[in-house]
Amino acid sequence: MFVVIVDIVIKKEFVENFREAVLRQGENSMSREEGCLGFDILENPEDPTRITLYESYTDAATFYDVHRETPHFTEYARTTAPWVESKSMRALTKIWPKN
């Protein structure tokens, strides 16, 4: 399993817009992408401008070659880019437990 953790800081004035867009993105990824195994959207309870995505896929190719090329991801990335103050991504391979 391939996992991506994305830490995002949203510009304060766009928190609600971003929240709506990222929820839609999570729903689209889970319902439209066969290799998307999970898409958790986490919010810092003390700072709603800080969002973390915990995404899991069958393998790295599913993330890079399928997920990132879907029309819904392209639209999400284009729409939310001006709302994002900063973003960092960590790509990981799950080694245990094996599911």
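Nothing here was measured: the structure is a model prediction, and the numbers come from that model.

Time to look at the environment of Thr79. Secondary-structure assignment places Thr79 in helix α3 (residues 71-80). Placed twelve residues apart in sequence, Thr79 and Ala91 show a C-alpha to C-alpha distance of 23 Å. A distance of 2.8 Å separates the side chain of Thr79 from the backbone oxygen of Glu75, its partner in a polar contact.

With that settled, consider the environment of Asn28. Note on placement: Asn28 falls in helix α1 (residues 15-32). Distance from Asn28 to Ile51, taken between C-alpha atoms, is 18 Å for residues 23 residues apart in sequence.

So, on to the packing of aromatic side chains. Here the structure, examined in full by the defined rule, presents seven aromatic pairs. Each ring, one from Phe2 and one from Phe63, has its centre 6.0 Å from the other, and the planes form 40 degrees; the classification is tilted. With Phe2 in strand β1 (residues 2-10) and Phe63 in helix α2 (residues 60-66), the pair connects residues that are 61 residues apart, well separated along the chain. Across this residue pair, the class does not change: Phe2 and Phe63 are buried. Considering the side-chain rings of Phe14 and Trp83, the 5.9 Å spacing of their centres and the 15 degrees angle between planes classify their relative orientation as stacked.

So, on to the sheet that holds strand β4 (residues 84-93). Across the sheet, four strands lie side by side as β2-β3-β1-β4; this open sheet has antiparallel pairing. Here the strands that pair on one side only, and so sit at the sheet edges, are β2 (36-44) and β4. Mean inter-strand twist for the sheet, computed between neighbouring axes without regard to direction, equals 15 degrees. Pairing geometry for β2 and strand β3 (residues 47-57), over eight bridges, is antiparallel. In the strand pairing of β3, Cys36 is matched with Tyr57.

What follows concerns the layout of surface pockets. Roughly 270 Å³ of internal volume is contained in the largest pocket. As for the largest pocket, its lining consists of 18 residues, and the residues nearest its centre are Val6, Arg68, Phe73, Tyr76 and Lys87. Among the secondary structure elements, those contributing two or more residues to the lining of the largest pocket are β1, α1, β3, α3 and β4. It is α3 that provides the largest number of residues to the lining of the largest pocket, a total of four residues.

Calculation rules
Residues numbered from 1 in each chain as written. Predicted model: local features only at pLDDT ≥ 70, side-chain atom pairs only at ≥ 80, totals over all residues. Heavy atoms only, no water. Helix = DSSP H or I, 4+ residues; strand = E, 2+ residues; numbered from the N terminus. Polar contact = N/O pair within 3.5 Å; in protein donor to acceptor, adjacent residues only side chain to side chain. Phe/Tyr/Trp six-rings, centres within 6.5 Å; stacked < 30°, edge-to-face > 60°. Buried < 20%, exposed > 50% of the residue type's maximum accessible area, 1.4 Å probe, protein only. Pairing = 2+ DSSP bridges. Axes fitted to C-alpha atoms, helices over the stretch in contact; angles between N-to-C directions. 1 Å grid on protein atoms, 1.4 Å probe; cavity = no way out; pocket = protein on both sides within 12 Å on 5 of 7 lines; lining within 4 Å. Points joined across faces, edges and corners; volume = space filled by probe spheres on them.

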